[in-house]
Amino acid sequence: MPRRRPGRPRRSETRDTREVVLTAATALFAARGFDAVGLREVAAAAGVDVATVSHHTGTKAQLYDACFARVFAAERAVLEAAAARARDAGPQQALRALHDMLDVFVDFLEARPETTALWLRRWLEPNRHAELDQRYAAPLYDLVEELLAAVAAGGALVEPTPHVTVRSLVWAVHAHVVALASPGGSPARERREFRAFLRRLLVALYGPTGLTSGP
């Protein structure tokens, strides 16, 4: 095995430093948007120097992209696993599986509210960085839309406009995450009531089969 040169970081150290930088940058971009954040602020928040930030992520635009890519990878992992379970479910269990998939999405965003804030900041300027939507939002929309279309084709439900349904649900969940962060609210009550709302919504859309029990 070749000896590591003095001062050369181990691969694990490189990965850890990049993750620290991306975590700090995501929080800053989510709180203030692209223009209001500088690389020096990211470096200070991450506890490294500017050269280290540039080494791991490149320009500020590349760093911004990397923050979305990181969020996308985590979200895709949980949604793909839930989608696979829904595909394997039989017609009688399909609606229950879809509800479980929606629960997974809600759980993901509740645990990572910076994801919602990051996207909301991006959407405030719809004509800037629009390529991020194509890379890091559209594939997940497509995943769920295709699943809904497949379940509908199997006769488990009727869904004429899966693209409208998916986007409406995504925006509803983002709004829920914003409500959780509002001062003076009750997070436990918000979580309970929002999940009850989603259950009623899916029953109204697709019928009660498989959705009448559970938390």
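Parameters and conventions
Residues numbered from 1 in each chain as written. Predicted model: local features only at pLDDT ≥ 70, side-chain atom pairs only at ≥ 80, totals over all residues. Heavy atoms only, no water. Buried < 20%, exposed > 50% of the residue type's maximum accessible area, 1.4 Å probe, protein only. Helix = DSSP H or I, 4+ residues; strand = E, 2+ residues; numbered from the N terminus. Arc of directions from axis to C-beta. pLDDT = per-residue confidence, 0-100. Contact = heavy atoms within 4.5 Å.

Looking only at helix α2 (residues 39–46), the buried set comprises L39, V42, A43 and A46. In a view along the axis of α2, the buried residues occupy a sector of 100 degrees, so they form one face of it. Looking at α2, the residues exposed on the side facing more than 90 degrees away from the buried face are R40 and A44. Within two residues after α2, G47 carries a phi angle of roughly 75 degrees, on the positive side.

Despite not being glycine, H129 shows a phi value in the positive range, around 55 degrees. Relative to the elements of secondary structure, H129 occurs in the loop between α6 (113–123) and α7 (131–136). Residue classification places H129 among the buried residues on the basis of a relative accessible area of 19%.

For the chain, per-residue confidence averages 89 on the pLDDT scale, and residues scoring 70 or more make up 90% of the total. The lowest-confidence element of the chain is helix α1 (residues 11–32), averaging 86 in pLDDT; the highest-confidence one is α2, averaging 97. In the predicted structure, residues 1–12 sits below a pLDDT of 50 and forms three contacts with residues beyond four places in sequence or in another chain.

Structurally, L143 is set in helix α8 (residues 138–153). Looking at L143, the relative accessible area reads 12%, which means it is buried. Distance from L143 to E80, taken between C-alpha atoms, is 7.8 Å for residues 63 residues apart in sequence. In this structure, L143 is in contact with L79, E80, A83 and R87, ignoring residues within four places of it in sequence.

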